[in-house]
Each structure stands twice: as C-alpha cells, then as structure tokens.
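Fold and contact review
What follows is the residue order along each chain.
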Amino acid sequence: MSVEQPPAAAGRETHGSADPPGAGAQARVARAQRVSPREILKVVGPGIITGGADNDPAGVTTYSVVGAQNGYAQNWLLLIAIPLLIVIQQMCARIGSVTKTDLASAIRIHYGRKIATGAVLLAAIANIATIGADLVMMASVLALITGAKYVYFVVPLAALMACVTIFLDYRTFSRYLLWLVAVFAAYIVAAVLAHPDWPQVLAQTVLPHIHPNATYFLGAVGLLGTTITPYLFFWQTSGEIEERRGVQGIRRSNLDIAAGMIWSNITAFFIVVVCAAVLYTHGTQIKTAADAARALEPLVGSSAKYLFSVGILGAGLLAIPVLAASTAYSVGGLFGWRRSLTRRVNNAPEFYLVLGIAILVGVQLAISGVDPIKTLFYSQVLDGLVAPLLIVLILLLTSSRTVMGDFVNGAWTRGTGWAAVALLVVADLALIYTVATSGLP
Amino acid sequence: MDDDAAREGSRGAVDSGTAGEQESREVLRERVRAWWTQVLAGQVDHDHPIQGSNVKARLDGNTLVISGSVPAEADRQEIEAEVEHLRGNDVNEVRDELKVEPRGDERPDLLVQTLLGAFETAEQAGFAEGYLQGHAHVDPRRMLVLAAEAADDQRAALAAVLPEAYLGHAERALAAGRSLLIVTVDETQAFQARELLDEETRSLETIVLPPEPAERSSMIRTLPAREEPVR
C-alpha cells in the first residue's frame, strides 16, 4: 500500500499554481479565485433575491412597529447594522467553508458540549418564538382577507410548511417563493408616494438619535434583533456545508452575502420610512395586521391589504422552514446526528423530528391567544438579547488560528464583529435598565 | 518526536490496515450492488453509495432509467459497469440519461486539509482507511491509523503529524480507548471525506483541521506518499 519514499519526495504534492513555497493559504485561494465583473453580476443577482427573503413576517412587522412608534429616529441603527450584519454572516459562512462543519458542531468541538448546549438552547428558544410569531402573522393576514378568525389558519399553515420542508426539496421550492417576497420592494415606491420629509429622513439616518425611554430601547433591540438575527447564523454556516462551498468559494460567498444583506436592509429602511410617514405622523399605532398593511395605501389604496398579505405569506413560507431547519441543524450538530434538508426522512430521522417539534411548539405559541403584533415584536426583542452571546462565540471561533488557520479574521473583521457585540450589549443593557426603572411601555 | 517514528508508525498501521482496506472495498462494492437491487425493487431510500443524491435510477417497465449527473466520464462508465450485471433479469434495456457535469469550478492542488476521525476499534479505523482509499471521489494524500493500544513510539508519531492544538483531541480519544484515522486530502475533497467518515464508516467524532498549503502540512512532510489505489 505504501511505497518507500522519503518525505522529500513529496514533490507530487506541489501545486499547479506558481505560488512561491510558503505562500499563505488565503493568498493562494485569492489568486485562484479572482471574480470577474460578469461573475460579480452572476453572484450578486441571487444574493439580492435571497436578501429580500431575510425579511420574514416578524421582521416586516418589527420594522413597521418601529417606524410607527419612533418615526425615523432609529434609521441610523439600520445604517450601522449593514456592515455589522455583513461581517457576521461572512464569518458564519467562513466557519462552514473552513471547518467543513456547521456552527453548533464547531462550537462543540472547540469549546465543549456545555457551551454548545447553551448556544443551541438560546438559538432554539429564539427560533421557536419567531416561528410562533411568523405563524401568527401569516394567519392574521389570511384572517384580514377572509374575515375568519386567525386561529383557524394556524394549524393548516403549519402543516403545509412541515410538508414542504420534510417532503419537498426546500431549496428548489424557495426559488419560486422568493418572487412572492419581491412584493416588499413595493415599500420603496410606497415611501416615495408617501412624501416623507426627506431632509429629516436623511438627518436621522446619518446622525444617531437616542431617546432614553423604554419604547425607544425596545424598538432598538427589536430592530437589531430582527436584522442581526440568530437563525441566520446557523443557516448561513449550514448553507455552505449543503452547497459544499469550500475555501475557494469564500470570495463569491462574501459577495453574495454583501449584496443580499444590503438589499435586505434597504427594504427594511423603506418599511420604516413609509410606516413613519404614513402612521407615525398621524399618531397611529400598529395593533393589527390591517394597521401594518395600511402603510402600503399610498401605493395601491384599498388593495394594500392584499399586497401586504401576499408578501407576508411568501415571507412566512420562506422563513418558517428556515427557522425550523436552523433549529434542527443546531441540535443535530450538538449531538452529531445526520442532518440535511436534502436527506430523506428515514435517512435523518432525528433531524426531521426536531424540525417537526420546532414547528409544533411554534403552533402552540401561535394558538395560545397571544396578541399577534406583540408576539412578533417581542420575539425579535428576544433575538436581540440572544444574538450578542452567539456573536461572541462566532468571533472567538473565527479569530482562532487553531480553528481557521490562514482564514482567521483580519483586524477589520474582528473590530466590526466586536462593535456589533458592543452595540447589541449596550442596547440590551439600556433596555433592561429602562424597563426595570419605568416598566414596559 | 522524530520523523522516523512517524513513518514507522504509519507503516505499522498500514500493515494492520491492509485486511481492513480490502474488506472495506468489498463492502463498498456490496453497497453499490445492494443499491441497484433496491432500485429494481423500487425501494430506494438511500443515495447512491458513491455518487450520492446526484444519481437517480428507476425502473420504467423493463427499462432501467438512470438520470442525474456525474462529475466525470469515468464516473459514467463506472455506473454503466455497475448495471451491466442487471441486464437479463428484470432489465431488458438501460437508458442512460446521465450528464457529465464537472462539480463547481474549484481548482484542485491549491491546499490540503487533514481530518481526524475517532473510531470505536482499530478494525473500524482500518475499514475507514480502506473505504476512503477505495472511494472514487476521494484521493487521500496521506493516511495514518493509530490504535488505542498502539505502542508508545507509534503514539509519539502523533506529535509529528498533528499541530499541537489538535494533539489534545487525539490524545483524549486514545485515552478513551478509541482508535484514530488521520487523513490528508485535497481541500476540494474535504467535504466528501468528512461525509464518508461520519456517515459511511461511522466515525464517532470527526475534526477537520484548517486548510493549508501542502508543503506546510505535517502529514505530508512526515509520512511517505501512498501508492495510487487500484480501483
């Protein structure tokens, strides 16, 4: 089996490139993977579409509530969140490309089972709360259209999504759903038609405005939580594994992520702007799905509820399988189970069991008689509280040369990652302090 | 820890691994045969043992229809060879709709990556070694099997082939009575190698070290190159 060959004869292991001996792994890959302008367009297109899908029903509702409650005052947070979100998602993708394993598994291997269990538990709680909230919102828009009670739609919707996730090829299915979510681009046109005070919008976007009260900090944590959201961390890493995108795909992956996240935040920005212009200026609060849909009235008048409903249903159909699968990936990674959406049920039974349980618990939350808008909003506040803990672990992993080798974080990435942690922690502490001293608004 | 000990350790493992390697190649062939039998019975629940979910097959009357894609013409020929023995039983005709589509645009030979798999027994580690060696889509550059009961000098080989940060993982596994397979592959094959270790050979735990240029790899610098496998 082996030949008697001295180590020096490992010449066949030399590289096809003209790389000098000792050139770093990252430099070698960078030279081999230059991306041409045409390739950039090919990569950026799908990224933009996928980025649109990052705004799930809970996200759209949270941005709407933030705009209706605080006007343009938190626009600056969305602007700041763009580089933070891009850097965090790129770190997650890099963990998958380098370690060839998902986030939960990487945490378990390098930081032990206890820490991994804590991380997975926190993410699972946040994910399941968001599943429940998304189900509530999807059912609410169906109720808005049909006039029936929302609770009648929760179980059929959950069953539909469980079937889609378990029995269909979700990644193929999602390509069609993305077109439904494209209706959220309508917020951009609606914002123009709503005639907001653009100088004020600009001023509040580039200059931080802080109002030290619980309403403001709840909005800030919810907005940051729905933008820098934990389920995307696990989903991004697992996506690299499913796509088998190794280190040579990092540059394309980075472009894809940047395009998607920028588009996602642009959409979010216009949702806030239009809700501020239409609802906040008239002192209208969002208490129901119908209130949230009203923001689109400048564009389509009384048909706003239909346009809003199509977007919410598409976003929910896209997001709930991702949330449930993200939970199943993280639990599967913790226990070392077979896990993949491309597998059949009998080939990865534990993975699909967790996925099913996540949806079931979400259903339980959705039908427990909670206030839909509050559920959506507070699930995103929970995301905002959980996110910094997970980002710290992601930063530690990607800053470790032992784990990442030459693909370790650079100074800019590390600094931006820690800035994200600092921003979230400050917002969380400010929220806890204001709620402790003056109660929930 | 010197290189001689590492090479000696590797050779010792190789000797004990030969039987395991032959056995695992036979198991791989058997799994492929069993898969085609399941196709004929219309009961395919698993992916093709080598090509994975990229290759689909179904029986349409007495015609066996094979569809999907393979990365190279050699893979298509191998699939055709696999179904040759099925002709004449329930199969009158084979309709080959396979497309040859090279996977991705990744360049091989840029970097290597080392995987550390822990197994219940030395036989299982040897089996995994043979399985990787016999698999069409993985071409291991270096492999080292280390049994839990290996002699001290063979254990010492670990320090020569693994970076210090990963020695602890390996030593803990050995102390727990597990045997190790350490394998270095081209980075572009590392996903596949990991999947094979985790799922086909039931590694209890697989750790993947970061990618590195081959000339910096302790495995490649320390261990002798392997013979090209006979497929």
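As the structure is a prediction and not an experimental result, all values here were calculated from the model. (Residues numbered from 1 in each chain as written. Chains lettered and ligands numbered in written order. Predicted model: local features only at pLDDT ≥ 70, side-chain atom pairs only at ≥ 80, totals over all residues. Heavy atoms only, no water.)

1. Here's the deal with the overall build of chain B
The helix and strand inventory of chain B stands at 7 helices and 8 strands. Counting all 231 residues of chain B, 53% fall into the buried class. For chain B, long-range pairs separated by at least 24 residues make up 78% of all intrachain contacts whose partners lie at least 6 apart in sequence. (Helix = DSSP H or I, 4+ residues; strand = E, 2+ residues; numbered from the N terminus. Buried < 20%, exposed > 50% of the residue type's maximum accessible area, 1.4 Å probe, protein only. Contact = heavy atoms within 4.5 Å.)

2. Looking at the pattern of salt bridges
If the charged atoms of two oppositely charged side chains come close together, the side chains can form a pair. A complete count under the given rule lists 17 salt bridges over all chains for this structure. Its salt-bridge partner being R245 of chain A, residue E240 of chain A comes within 3.0 Å of it at the nearest N-O pair. For R245 of chain A, a relative accessible area of 21% gives the class partly exposed. Taking the shortest distance from any N to any O, the salt bridge between D109 of chain B and R141 of chain B comes out at 2.9 Å. (Salt bridge = Lys/Arg side-chain N within 4 Å of Asp/Glu carboxyl O.)

3. Topic: the confidence of the model for chain B
All names here are of chain B. Per-residue confidence for chain B gives a mean pLDDT of 82, with 86% of residues at or over 70. Across residues 5-17, confidence stays below pLDDT 50; counting only partners more than four residues off in sequence or on other chains, it has 26 contacts. Scored as a complex, the prediction yields pTM 0.85 and ipTM 0.83. (pLDDT = per-residue confidence, 0-100.)

4. What about the nonpolar core?
Counting residues in each nonpolar core, the largest one holds 148 residues, and the members touching the most others are L135, Y187, F233, V274, F308, L355 and I391 of chain A. Ranked by residue count, the leading element in this core is helix α16 (residues 304-335) of chain A, at 17 residues. Beyond its immediate sequence surroundings of up to four residues, F233 of chain A is in contact with I88, Q89, C92, L103, I228, A387, L390, I391 and I394 of chain A. Counting residues in hydrophobic clusters, the runner-up holds 36 residues, among them W35, V83, V91 and A128 of chain B. (Core = buried A, V, L, I, M, F, W, Y, C linked by side-chain atoms within 4.5 Å.)

5. Comments concerning the packing of helix α4 (residues 75-99) of chain A against helix α12 (residues 230-242) of chain A
All names here are of chain A. It is at 7 Å that the axes of α4 and α12 come closest, and there the two elements cross at 40°. For the pair α4 and α12, the sense of crossing is right-handed. In this structure, α4 contributes I88, Q89, C92, A93, I95, G96 and S97 to the contact, and α12 contributes L232, F233, Q236, T237, E240 and I241. Of the residues contributing to the contact of α4 with α12, the split by class is 7 nonpolar, 5 polar and 1 charged. (Axes fitted to C-alpha atoms, helices over the stretch in contact; angles between N-to-C directions. Left-handed = near helix turned anticlockwise from the far one by under 90°. Nonpolar A, V, L, I, M, F, W, Y, C, P; charged D, E, K, R; others polar.)

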